[in-house]
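Chain and residue survey
So you can see what is in the structure, the chains are spelled out below.
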Amino acid sequence: MKQYAKLFVVFCCALLLVVTGTACSKKQVKQEAPPAAAVPEESDLNAKEFVEPSNIDPALAKIFKDIYFDFDRFNLKPEAKKTLDGIAEWLKSNSSYRVLIEGHCDERGTNEYNLALGERRANSAKSYLIGLGIAEKRISTISYGEEKPQCTEHNEGCWSKNRRGHFLLARK
Amino acid sequence: MKKLLILLTLSGLMCPPACLAKVYIDISSPSSRRLPILVPKFKNTGSEPDREDIASKTPQIIADDLDFSGFFKIIEESALSSSTIDGLTSDRIKWDELAIVGAEAIITGGFSASAGMVTFELRAFDAVQGKFLIGKKYEAKREDYRLIAHRFANEVFRAFTGADGIFETKLVYVKTVGSNKELCLSDYDGGNYKQLTSYGSLSLNPAWARDGKRIAFTSYKDGNPNLYVMDIARGTTRLVSKKKGVNITPDWAPDNQRIALTLNLSNGNSEIYVLHEQSGSLERMTNDFATDVSPSWSPDGRWIAFVSDRAGSPQIYSLEVATGRVRRLTYEGSYNTSPAWSPRGDKIAYAGLMGGRYQIFITTPDGQIHQQITSKEGNNEDPAWSPDGRFLAFCSDRSGQKEIYIMRSDGSGQKKITFGKGNKAEPAWSPF
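Bear in mind that the values here come from a model prediction, so they are computed numbers and not experimental data. (Residues numbered from 1 in each chain as written. Chains lettered and ligands numbered in written order. Predicted model: local features only at pLDDT ≥ 70, side-chain atom pairs only at ≥ 80, totals over all residues. Heavy atoms only, no water.)

Some remarks on the overall build of chain A
To keep things clear, this is the line we draw: Each helix is a run of DSSP H or I of at least 4 residues and each strand a run of E of at least 2, with the numbering of both proceeding from the N terminus. The classification of residues rests on relative accessible area computed with a 1.4 Å probe and restricted to protein chains. Under 20% of the type maximum is buried, over 50% is exposed, and intermediate values are partly exposed. Accessible surface area values rest on a Shrake-Rupley calculation with a 1.4 Å probe, where residue burial reflects the displayed protein chains alone.
In terms of helices and strands, chain A carries five helices and four strands. For chain A, the α and β elements follow one another from N to C terminus as α-α-β-α-β-α-β-α-β. For chain A, with 172 residues in total, the buried portion stands at 43%. A total of about 9,300 Å² of accessible surface is found on chain A, and carbon and sulfur atoms cover 58% of it.

Structure representation (structure tokens):
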């Protein structure tokens, strides 16, 4: 019964959001950011227009460094937050650029689950950047799961390099 | 152990029509005996030479089919003297000599080739009684001898078991080509291999429509991981879902009109949805703060098995479609994914991490009984059921690269069916 009650609250909130445009009660905020909309939006992503930051300026490689995650995790580690702080700063002073965050996983586990996990990793970075004041519409995400490894050996040294968020840029 | 039920319906008089067909092999019995069968080399009855060696290859495919089924034991032809089988009909077979080598069934085949076509004349006999059971005449293009072999193997399977065989079914799987992944189509045994896509992109997660004519899959060919449906015969592809984020892991509902899939809510996590293929309307199935992925319908359409990390690690759950009620099916191990609901409804296969490697498991839909099916070295993943629920395709890296294997659902008869360069993964087994 509790589950139904919860579902009902979420449903009502979504309804409220749609009808009045107001956000809903504080209760769920404690857990994690609740779904922004009940219906997923259409994608307008054209991944091909994004390029490696270093292609725009070699110096950007130092700012747009890959961020790394623990196995089966998508939370941002302190080092990753530091990198994202630098990226946010650059994006603020270069407002004509948009960023694409790629979420990647290591080869272990199922590629299906890893596609979902890669998306969460990219979304973690996106949420953090939004929190630092970057407009949501300037940030796109894409998950490649385990499909585009950086390193192909079968050991932790390699896996840890593959569990990453990678950044690309495009002009508006 | 079941004996051969030779005289079961001999009179036929007292019997309703449905039981007129004799059941030689009771395939519902868990320990049914393998029926010893001879599948000798075919005879070239025509005047054209047999350049493709149809005479050996066709019976070999039939023998491989019957052997893989687990219900037949192939008797080597070398056990016979050359005069035992002198023709295709029962009067040309020395039945007493067949009895000596233990054959209880025999297939005879003849063919004649002309102008690119081959005519086959195939028969199956009850060798204990010396009795004709079925006979078929096929005309086919020369290169279609594999199809003829599978088709006749299905006839033989039906004649001896009363059930439909899976020998004409197909597999779709994903093959690594350079840094891309393309979809491939083959017979269930790996024959007649053909690359379906050449997008130069990542194409993943293929799933057969229940009509066996279309495949839903995810591709990055237009940038975002969108969901497409391909009509195999026409070669046409239609975009069916391009929501922001992932549009992955499709599974067709038994009604063949809806597709369960995984979508991502913006800034959030992935959830299971049901997409009405024609209208494009969506129904949300899961609602929580965890990753939910990889839906698999029960054959009655009442349940969807899926993967969720809502308890901290990926585990198998099932949800009741009408109520949204969710129950957890796996508790052992820290990583259980890829649920595949058997077409018979009584089992769910999945891949689980065990001792540092992925192995295939089977559980009952209530999650009460779990059975490990594979134990070979390497990782064994991506289980997919055959349409009769007797066999599983899966992928394994035991040979050094990922290849597709097939096996009986008790783990026996494991057979590698893909070869050559490039990893192969994510097999999907067609309907009948």
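Let's talk about the pairing of strand β28 (residues 403-408) of chain B
Side chains on a regular strand alternate between the two faces of the sheet. Residue and element names in this part refer to chain B. The cut-off we apply is this: For two strands to count as paired, DSSP must find a minimum of two bridges between them.
When you tally the buried positions in β28, you get six out of six residues, the bulk of the element. Of the two faces of β28, the one carrying E403, Y405 and M407 and the one carrying I404, I406 and R408 are both buried. Here strand β27 (residues 391-396) runs beside β28; their pairing, made up of six bridges, is antiparallel. By the bridge assignment, L392 is partnered in β28 with M407. Hairpin remark: β27 followed by β28, antiparallel, with six residues in the connecting loop; positive phi at G400, about 110 degrees. Judged from the two bridges that link them, β28 and strand β29 (residues 415-416) form a sheet pairing that is antiparallel. Opposite Y405, over in β29, you have K416 as the bridge partner. Hairpin connection between β28 and β29: a loop of six residues separates the two successive antiparallel strands, and G411 in this loop has a positive phi of roughly 95 degrees.

Some thoughts on helix α4 (residues 111-131) of chain A
Residues and elements named next belong to chain A. Basically, it comes down to this: Helix span, expected: 1.5 Å multiplied by one less than the number of residues in the helix.
Look at α4: 30 Å from first C-alpha to last across 21 residues, which is about the 30 Å you get at 1.5 Å a residue. Judged by how many residues are buried, α4 sits mostly within the fold: 17 of 21 residues are covered. Just downstream of α4, G133 is the residue with a positive phi angle, here 100 degrees.

Considering the domain arrangement of chain B
Residue and element names in this part refer to chain B. The test is simple: Source of the domain bounds: an automatic or database domain assignment. Whether two residues are in contact is decided by their heavy atoms: any pair within 4.5 Å suffices. Throughout, the accessible surface (probe 1.4 Å) given up by two parts as they are put together, summed over both, is called the buried area. In what follows, salt bridge is the name for a side-chain nitrogen of Lys or Arg lying within 4 Å of a carboxyl oxygen of Asp or Glu. Definition of a polar contact: a pair of N or O atoms within 3.5 Å, with one able to donate and the other able to accept a hydrogen when the atoms are protein atoms, and with sequence-neighbouring residues admitted only if both atoms are side-chain atoms.
According to the domain assignment, chain B consists of domain 1 (2-161) and domain 2 (170-429). On the side of domain 2, 12 residues touch domain 1, which itself brings 12 residues to the contact. Both sides of the domain 1 and domain 2 interface together cover about 950 Å² of buried area, and 53% of this is carbon and sulfur. When residues of domain 1 are sorted by the area they lose upon contact with domain 2, F68, R146 and H150 head the list and together hold 60% of the total. Connecting domain 1 to domain 2 are two salt bridges. Between R146 and D187 there is a salt bridge, with the nearest N and O atoms lying 3.9 Å from each other. In this structure, the connection of domain 1 to domain 2 is made through five residue pairs in polar contact (both at pLDDT 80 or more).

What about the interface of chain B and chain A?
For clarity, the cut-off: Only Asp, Glu, Lys and Arg are considered charged, only Ala, Val, Leu, Ile, Met, Phe, Trp, Tyr, Cys and Pro nonpolar, and every remaining residue, Gly among them, polar.
The interface of chain B with chain A comprises 48 residues on the first partner and 44 residues on the second. Between chain B and chain A lies a buried interface of about 3,900 Å² when both sides are counted; carbon and sulfur atoms form 50% of it. In this structure, the connection of chain B to chain A is made through three salt bridges. A salt bridge links A:E41 to B:K244; the shortest N-O distance between them is 3.3 Å. For the pair chain B and chain A, the number of links is 15 residue pairs in polar contact (both at pLDDT 80 or more). Grouping the constituent residues of the side of chain B that touches chain A by class yields 17 nonpolar, 19 polar and 12 charged.

Structural notes on the nonpolar core
In globular proteins that are soluble, nonpolar side chains generally tend to be buried together. Residues and elements named next belong to chain B. The following threshold applies: Only buried residues count toward a nonpolar core. Its members are Ala, Val, Leu, Ile, Met, Phe, Trp, Tyr and Cys residues joined through side-chain atoms within 4.5 Å.
Core analysis: the largest hydrophobic core is formed by 50 residues, its most contacted members being I62, F72, I107, F120, F152 and V156. With eight residues, helix α3 (residues 145-161) is the largest single contributor of residues to this core. When residues of this core are assigned to domains, at least three fall in each of domain 1 (2-161) and domain 2 (170-429). Setting aside its immediate chain neighbours within four residues, F72 contacts I25, R34, L35, I37, L66, D67, V156, F157 and F160.

Overview of the environment of B:M117
Residues and elements named next belong to chain B. With respect to the helices and strands, M117 occurs in strand β5 (residues 117-126). Since its relative accessible area comes to 30%, M117 is described here as partly exposed. Spatially, the C-alpha atom of M117 lies 31 Å from that of S386, the residues being 269 residues apart in sequence. M117 has contacts with S112, E139, A140, K141 and R142, leaving out every residue within four places of it along the chain.

Details of the state of the cysteines
Using the following cut-off: Cysteine sulfur atoms are paired as a disulfide whenever they come within 2.5 Å of each other.
Counted by the stated rule, this structure contains one disulfide over all chains. The disulfide partner of A:C151 is A:C158, and the S-S distance across this bridge is 1.8 Å. The S-S bond linking A:C151 to A:C158 shows a torsion near -125 degrees; that makes this disulfide left-handed. The thiol of B:C184 is not disulfide-bonded; the next cysteine sulfur, from B:C395, is found 14 Å away. Classification of B:C395 as buried rests on a relative accessible area of 1%.

Some details on the packing of helix α1 (residues 54-69) of chain B against α3(B)
All names here are of chain B. We count it as follows: Fitted lines through C-alpha atoms serve as axes, helices being fitted only where they are in contact, and the angles separating the N-to-C directions of these axes extend from 0 to 180 degrees. Orientation is classified from the angle alone, with under 35 degrees giving roughly parallel, over 145 giving roughly antiparallel, 65 to 115 giving roughly perpendicular, and any other angle giving oblique. For a crossing to be left-handed, the near helix must be turned anticlockwise from the far one by less than a right angle; the clockwise case is right-handed.
Axis separation between α1 and α3 bottoms out at 9 Å; the angle between their running directions is 40 degrees. Classified by the angle between their axes, α1 and α3 sit oblique to one another. Considering the relative orientation of α1 and α3, their crossing is right-handed. The segment α1 lies against α3, with I54, K57, T58, I61, I62, D65, L66 and S69 engaging Y145, R146, A149, H150, F152, A153, V156 and F157.

Quick notes on the packing of aromatic side chains
All names here are of chain B. Note the following rule: Put simply, two rings from Phe, Tyr or Trp (the six-membered ring, in Trp's case) pair if the centres are within 6.5 Å, and we call them stacked under 30 degrees between planes, edge-to-face over 60, tilted for the rest. Look at NZ for Lys and CZ for Arg. If either is within 6 Å of the ring centre and within 35 degrees of the ring normal, a charge sits over the ring.
Counting across every chain of the model gives 23 aromatic pairs over all chains. Each ring, one from Y335 and one from Y358, has its centre 5.5 Å from the other, and the planes form 80 degrees; the classification is edge-to-face. Residue Y335 is located in the loop between β21 (326-328) and β22 (336-341), and its partner Y358 is located in strand β24 (residues 357-363); the two are separated by 23 residues in the primary sequence. Each member of the pair, Y335 as well as Y358, is classed as buried. With centroids separated by 5.6 Å and ring planes inclined at 25 degrees, the aromatic side chains of F394 and Y405 adopt a geometry described as stacked. With F394 in strand β27 and Y405 in strand β28, this residue pair connects regions lying 11 residues apart in the sequence. Like Y405, F394 is buried. One residue, K221, lies across the ring of Y199, its end atom 4.9 Å from the ring centre. The aromatic ring of Y317 is capped on one face by R310, whose charged end is 5.3 Å from the ring centroid.

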